[in-house]
Amino acid sequence: MEKLNSWGDIVKEYGGKLIDYLPTLVGAILLLIVGLWVIKLIIKYLEKLFDKKDYDETLEKFTVNAVNWGLKIILFVLFITQLGVESASLVAAIGAAALAIGLALQGSLSNFAGGVLIIILKPFKVGDWIEAQGVSGSVVELSLFYTKINTFGNQRVVIPNGQLSNDNITNYSFNNTRKESLTFGISYDDDIKKAKEVLTNMVMEQENVLKDPAPQIIVHSLGDNSVNFSVRYFAELSVFWDLHWYMIEEGKIRLEEAGMTIPYPQRDVYLYDQTKMKGTVREKRSEKDNSL
């Protein structure tokens, strides 16, 4: 009977507390449900807003995820506070946990910070051809921690954003046009003016070569074996490489058809007969001795 009485007292005591706490619990649950619903509406609104305007895809994902997690963290703090947990204690616990996680994940946080900087400053975007960290290729994915690149040889390279954001980045796709500079060499015995005329006609005949800025064909240097011409012009990125390969082949063909000689490195080699040289040295020495 005493045990029954004790259990009855426990039920009465905690049952009364549960009944008194029930409105607070219900209010916290309602706050959580309504909060998640509101966050969902906000995220959908942001996604529709980004769809209407032409924003960078990586920036869109980053903004949506940041807003989503930020609002959920705020909602979690409000939910815990509504349950009766002191906010000061909660903030202290979250701060301690964040410090411990930060110390354990220093490298990852560095990559995260680098990813945020890349997304905000936008030195490149998905689809651009860049050169960084000794790698050249097309950007296929930009996340908060890593950037993935496909090289010219169709190899996938993953670069940590922490290193990428602290190094030089060359973006070949940033401008819509790109300047070419090809070198053609002719022999010193060839006619410079005629060679220049041939190269000028070749460049001006190409529809894909932009006329503004105007192309330049100049004598670039006087090399050891050749007179070097520099052929400079601008072209759209979409046709740049096709034009590049064509101009190299066509330039050689036209110069040869015009009677020009395409020089190559040469070296003159002289052979001496060592036996004759020794005899000559002895004769000179004997003549010197006789004169003394």
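Quick caveat, the model's predicted, so the values are computed rather than measured. (Residues numbered from 1 in each chain as written. Predicted model: local features only at pLDDT ≥ 70, side-chain atom pairs only at ≥ 80, totals over all residues. Heavy atoms only, no water.)

Enquirer: Looking at this model, I keep getting lost on the sheet that holds strand β6 (residues 177–186). Mind explaining?
Expert: The strands that make up a sheet pair up through hydrogen bonds in the backbone, lying either parallel or antiparallel. With antiparallel pairing, 3 strands are arranged side by side in an open sheet as β6-β8-β7. At either end of the open sheet lies a strand with only one pairing partner, and these are β6 and β7 (216–222). Averaged over all neighbouring strand pairs, the angle between strand axes comes to 25 degrees, with direction disregarded. The sheet contact formed by β6 and strand β8 (residues 227–236) spans 10 bridges and is antiparallel. The partner of Leu-182 across the bridge, within β8, is Val-231. The strands touched by helix α6 (residues 192–204) are β6, β7 and β8; relative to β8, the strand with the most contacts, the crossing angle is about 15 degrees. In this fold helix α7 (residues 240–257) packs onto β6 and β8, with an angle of close to 20 degrees to the strand it touches most, β6. (Pairing = 2+ DSSP bridges. Helix = DSSP H or I, 4+ residues; strand = E, 2+ residues; numbered from the N terminus. Axes fitted to C-alpha atoms, helices over the stretch in contact; angles between N-to-C directions. Contact = heavy atoms within 4.5 Å.)

Enquirer: In this structure, what is going on with the sheet that holds strand β4 (residues 156–160)? I would like to understand it.
Expert: Sheet architecture is open: 5 strands sit in the order β4-β3-β2-β1-β5, paired in antiparallel fashion. Sheet topology places β4 and β5 (170–171) at the edges, where each strand pairs with a single neighbour. In the sheet, strand β1 (residues 129–132) pairs with strand β2 (residues 135–142) via 4 bridges, with the strands oriented antiparallel. Bridging from a neighbouring strand, Ile-130 pairs with Gly-137 of β2.

Enquirer: Where do I start with the packing of aromatic side chains in this structure?
Expert: In this description, an aromatic ring pair is defined by two values, namely the gap between the centres and the angle between the planes. As enumerated under the stated definition, the model contains 2 aromatic pairs in all. Between Phe-240 and Trp-241, the aromatic rings sit 5.3 Å apart at their centres with planes inclined by 85 degrees, giving edge-to-face as the arrangement. On the accessibility criterion, Phe-240 (2% relative accessible area) is buried. Of the residues examined, Trp-241 reaches a relative accessible area of 43% and is grouped as partly exposed. Each residue in the set Phe-240, Trp-241 and Trp-245 is aromatic and connected to the rest through ring pairs, giving one cluster. (Phe/Tyr/Trp six-rings, centres within 6.5 Å; stacked < 30°, edge-to-face > 60°. Buried < 20%, exposed > 50% of the residue type's maximum accessible area, 1.4 Å probe, protein only.)

Enquirer: Would you explain a nonpolar patch on the surface in this entry?
Expert: A cluster of nonpolar side chains, Val-34, Trp-37, Val-38, Leu-41 and Ile-42, forms an exposed patch at the surface whose accessible area comes to about 440 Å². Within the secondary structure layout, Val-38 lies in helix α1 (residues 2–52). For Val-38, a relative accessible area of 33% puts it in the partly exposed group. (Patch = residues over 30% accessible without salt bridge, like charges linked within 9 Å, V, L, I, M, F, W, Y side chains within 5 Å. Areas by Shrake-Rupley, 256 points an atom, 1.4 Å probe, with all protein chains shown as cover. Salt bridge = Lys/Arg side-chain N within 4 Å of Asp/Glu carboxyl O.)

Enquirer: Help me understand α7 in this model?
Expert: Every α-helix carries 3.6 residues per turn, so stepping three or four residues along brings you back to the same face. Across its 18 residues, α7 extends 25 Å between first and last C-alpha, which sits within 8% of the 26 Å expected from 1.5 Å per residue. When we look at burial in α7, the residues that qualify are Phe-240, Leu-243, His-244, Met-247, Glu-250, Gly-251, Arg-254 and Leu-255. Phi turns positive one or two residues past the end of α7, at Gly-259, with a value near 90 degrees. (Expected span 1.5 Å × (residues − 1).)

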